[in-house]
Amino acid sequence: MNVRITGTGSALPGKILTNAELEQLVDTSDEWITTRTGIKERRIAAEGEYTSTFAAEAARRAMTMAGALPEEIDLIIVATVTPDFPFPSTACIVQDLLGASNATAFDLSAACSGFIYGLSIAEKYLRSGSARKILVIGSEILSRVVDWKDRNTCVLFGDGAGAVVLEGSEGDHSLLSTHTFSNGTHWNLLYQPGSGSRNPATDPRTIAEGRIYLTMEGNDVFKHAVRAMGEAAEAALAANSLSAADIGLLIPHQANQRIVDATSKRLGLGSDRVFTNLDRYGNTSSASIPIALDEANRQGVLKPGCKLMMVAFGGGFTYGSALVNW
Ligand code: ACO
């Protein structure tokens, strides 16, 4: 049984936060942010908007494209590090919002690689015949875990969601492979110290000492990201006996234009074969690849038969790739 992406969707907050507005919050400049990251603006969720809000809307759009009814969905995977609650899962809330009453639903924690991990799990459910229609969603509200006084991190991240519907298929237009990797030795280079069992939200020191916020060793993460994304992409090429020349489009995790450039250079891909939107959304973690995928799909950038490489890297560390014959 082959596995095909039959629908894509995305949903973003209406509020735009520009670099110029960030200059009013922290000691930074549009020039610094643009040259170091490529980011010009990001979306920020409003009060009353949650991770599940955007996840459900992105899913609805993907289901409309796929012609999938809520009751036909067998499995809902929401990749997120910013769930509505520690429990229940955001996926269960999305199930309720969609009325997908026949689905099994769970969250997946793999930071910025969460969507690729989700594709990999969905692929196995579909190939084994354990499910027929699956929603894989990446959704984040990172604006609620960044320290808006820390210029090292607050300029980098944004909010939003992307989703795909995956189905079993006999045709050639299919997911060719997924590869996932983890390297837990570097878990503390990029993480959120507070609100779990080590620094519980119930301990007043968690808030008072700023442990609630996302923290990152940017320089170290940068070096690991370039090497790991290259390795993950090369694993996909080798498994399918392909070379970089066969790749029609690369959709990398949208963290930083310099990481994207270094990764595409390592693979020998020109910028005409790399899709980016990080200038408009910043790093939306698990949502970044499915948002970009939906934009590339709706803009007609993806032609039938195009070999699409998606590659991610994130906290954990986690990394991975997915190769699709579109
Ligand atoms: N505005 C102005 N100056 C800043 C800002 C800012 N927003 N942020 C940092 N600086 C300063 C630093 O304080 C430092 O000043 P100093 O030299 O006086 O100490 C100087 O700029 C250089 O800082 P570096 O950290 O060395 O800058 P670098 O060129 O490495 O860029 C960045 C920092 C953008 C964070 C980069 O390291 C990076 O992109 N790393 C990867 C991070 C990433 O993409 N993470 C996500 C991937 S995984 C995931 O998505 C979960």
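Quick note: structure is the one above.
These figures come from a predicted structure and were not determined experimentally.

This part takes up the environment of lysine 265. Tracing the backbone through its elements, the reader meets lysine 265 in helix H9 (residues 257-267). Separated by 35 residues in sequence, lysine 265 and glycine 230 place their C-alpha atoms 9.5 Å apart.

Bringing the packing of helix H3 (residues 51-66) against helix H4 (residues 90-98) into the picture now. The geometry of H3 relative to H4 is characterised by a closest axis approach of 9 Å and an angle of 55 degrees between their N-to-C directions. By the angle between their axes, H3 is oblique relative to H4. The interaxial crossing formed by H3 with H4 has right-handed handedness. Every residue of H4 that contacts H3 at Thr51, Ser52, Ala55, Ala56, Ala59, Arg60 and Met63 is listed here: Thr90, Ile93, Val94, Leu97 and Leu98. In terms of residue class, the contact of H3 with H4 is built from eight nonpolar, three polar and one charged.

With respect to the element layout, threonine 82 can be found in the loop between strand E4 (75-79) and H4. One polar contact links the side chain of threonine 82 to the main-chain amide nitrogen of isoleucine 141, over a distance of 2.8 Å. Among residues more than four places away in sequence, those in contact with threonine 82 are Thr51, Ser139, Glu140, Ile141, Leu142 and Val145.

Our next topic: the sheet that holds strand E7 (residues 159-169). Taken in spatial order, the five strands of this open sheet run E1-E7-E6-E4-E5, and their pairing is mixed. Looking at strand neighbours, the two that pair on one side only are strand E1 (2-11) and strand E5 (104-108), the edges of this open sheet. Strand-to-strand, the axes of this sheet are offset by a mean angle of 20 degrees, without reference to chain direction. Note: E4 against strand E6 (residues 133-141), five bridges, orientation parallel. Across the sheet, residue alanine 79 finds its bridge partner in E6, namely glycine 138.

Bringing the site of the ligand into the picture now. If you check the shell around the ligand, you find 24 residues, and the closest are Thr28, Arg36, Cys112, Asn256 and Asn283. With respect to the ligand, the side chain of tryptophan 32 contributes an N or O atom lying 3.4 Å from an oxygen atom. Contacts to the ligand include arginine 36, whose side-chain N or O atom sits 2.6 Å from an oxygen atom. The protein chains hide 75% of the 1,000 Å² of surface that the ligand would expose on its own.

In terms of burial, E1 is largely enclosed, as seven of its 10 residues are buried. Here nine bridges tie E1 to E7, and the two strands are oriented antiparallel to one another. When the bridges of E7 are listed, alanine 11 appears paired with alanine 161.

Once that is clear, we can look at the sheet that holds strand E8 (residues 175-182). If you trace the four strands from one edge of the open sheet to the other, you get E8-E13-E12-E11, paired in mixed fashion. A single partner strand is all that each edge strand has here, and the edge strands are E8 and strand E11 (249-252). Put simply, the sheet's adjacent strands are angled 10 degrees from each other on average, direction ignored. By the bridge criterion, seven bridges tie E8 to strand E13 (residues 318-325) in an arrangement that is antiparallel. Within E13, the position partnered with threonine 178 by the bridge is alanine 322. Across the sheet, helix H11 (residues 288-298) is in contact with E11 and strand E12 (307-314); its angle to E11 comes to roughly 145 degrees.

Before going further, it helps to spend a moment on the packing of aromatic side chains. Overall, the coordinates contain four aromatic pairs when judged by the stated rule. Ring geometry for phenylalanine 181 against tyrosine 319: centres 5.1 Å apart, planes inclined by 20 degrees, an arrangement best described as stacked. With phenylalanine 181 in strand E8 and tyrosine 319 in strand E13, this pair connects stretches of sequence that are 138 residues apart. In this structure phenylalanine 181 comes out as partly exposed when scored by relative accessible area, which is 28%. With a centroid separation of 6.3 Å and an interplanar angle of 40 degrees, the aromatic rings of phenylalanine 313 and tyrosine 319 are classed as tilted. Judged by its relative accessible area of 4%, phenylalanine 313 is buried. Tyrosine 319 gets classed as buried once you look at its relative accessible area, which sits at 12%.

What counts and how
Residues numbered from 1 in each chain as written. Predicted model: local features only at pLDDT ≥ 70, side-chain atom pairs only at ≥ 80, totals over all residues. Heavy atoms only, no water. Helix = DSSP H or I, 4+ residues; strand = E, 2+ residues; numbered from the N terminus. Axes fitted to C-alpha atoms, helices over the stretch in contact; angles between N-to-C directions. Parallel < 35°, antiparallel > 145°, perpendicular 65-115°, else oblique. Left-handed = near helix turned anticlockwise from the far one by under 90°. Contact = heavy atoms within 4.5 Å. Nonpolar A, V, L, I, M, F, W, Y, C, P; charged D, E, K, R; others polar. Polar contact = N/O pair within 3.5 Å; in protein donor to acceptor, adjacent residues only side chain to side chain. Pairing = 2+ DSSP bridges. Near = heavy atom within 4 Å. Areas by Shrake-Rupley, 256 points an atom, 1.4 Å probe, with all protein chains shown as cover. Buried < 20%, exposed > 50% of the residue type's maximum accessible area, 1.4 Å probe, protein only. Phe/Tyr/Trp six-rings, centres within 6.5 Å; stacked < 30°, edge-to-face > 60°.

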